[in-house]
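Close look at the chain arrangement
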Amino acid sequence: MNIGEIFNQNGRLTGSIATRTIDLPRIGLRKVKSENEKAPVYEILALNVARRWVQVGALWEAASKRTGEVFLAGNIDDPSLPEPLPVALFPADHGGYMVAWRRDTMRSDFGGNMGASRTNYDDRGMRDQGGFGESTVGSNGELTEAGGAFGEEDPF
């Protein structure tokens, strides 16, 4: 899922990222100058509420094991976020990048030994803990046991 775009404007890589709960209207990529082969390629910077640039992540070069396509992969993290936002940046025709959200469970598909997933989204135990409760849909698709007729105002 594409969540943003980075443009190359006058030699600066800037753009934005937006999801349902995250809005980073001004982000930038700053090239990392390092002799260390394990160093990231770019730092991800965001403009904070005081209008100062702060580092919120880093990007490393990676390649798809299946296609060999080279892209950038990393995380955006900040104390204001509930958990890191994994991202992948793919080169765009305009000289910048398309920013895609990357589910942790996909990490094994890519090179770079980015680690294993911390969460198995198919086995979270919600069924055993009650989750959202039992279904209110009958075998023919009709509404059952919902505590009110269809079309009444929702209680929330």
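Everything below is about the structure shown above.
Notes on the structure follow. (Residues numbered from 1 in each chain as written. Predicted model: local features only at pLDDT ≥ 70, side-chain atom pairs only at ≥ 80, totals over all residues. Heavy atoms only, no water.)

Attention now goes to the overall build of the protein. Along the protein, the regular secondary structure elements total zero helices and eight strands. Beginning at the N terminus, the succession of helices and strands in the protein can be written as β-β-β-β-β-β-β-β. Counting every position in the protein, which comprises 156 residues, the buried fraction comes to 29%. Taking the intrachain contacts of the protein between residues at least 6 apart in sequence as the baseline, contacts between residues at least 24 apart amount to 29%. By element, 48% of the accessible surface of the protein is carried by carbon and sulfur atoms, the whole surface being about 11,500 Å². (Helix = DSSP H or I, 4+ residues; strand = E, 2+ residues; numbered from the N terminus. Buried < 20%, exposed > 50% of the residue type's maximum accessible area, 1.4 Å probe, protein only. Contact = heavy atoms within 4.5 Å. Areas by Shrake-Rupley, 256 points an atom, 1.4 Å probe, with all protein chains shown as cover.)

The subject of this paragraph is the side chain of E43. Among the secondary structure elements, E43 is positioned in strand β4 (residues 42-47). Side chain to side chain, E43 and R30 meet in a polar contact 2.6 Å long. Contacts of E43, omitting those with residues within four sequence positions, involve G28, L29, R30, V32, Q55, G57 and A58. (Polar contact = N/O pair within 3.5 Å; in protein donor to acceptor, adjacent residues only side chain to side chain.)

Overall, the coordinates contain one salt bridge when judged by the stated rule. For R30, the salt bridge identified is with E43, shortest N-O distance 2.6 Å. A residue pair is termed long-range when its members are at least 10 positions apart, and R30 in strand β3 (residues 23-31) and E43 in strand β4 qualify at 13 residues. (Salt bridge = Lys/Arg side-chain N within 4 Å of Asp/Glu carboxyl O.)

Glancing now at the packing of aromatic side chains. On inspection of all chains with the given rule, the structure shows one aromatic pair. Taking NZ or CZ as reference, K31 lies 5.1 Å from the ring centre of Y42, over its face. (Phe/Tyr/Trp six-rings, centres within 6.5 Å; stacked < 30°, edge-to-face > 60°. Lys NZ or Arg CZ within 6 Å of the ring centre and 35° of its normal.)

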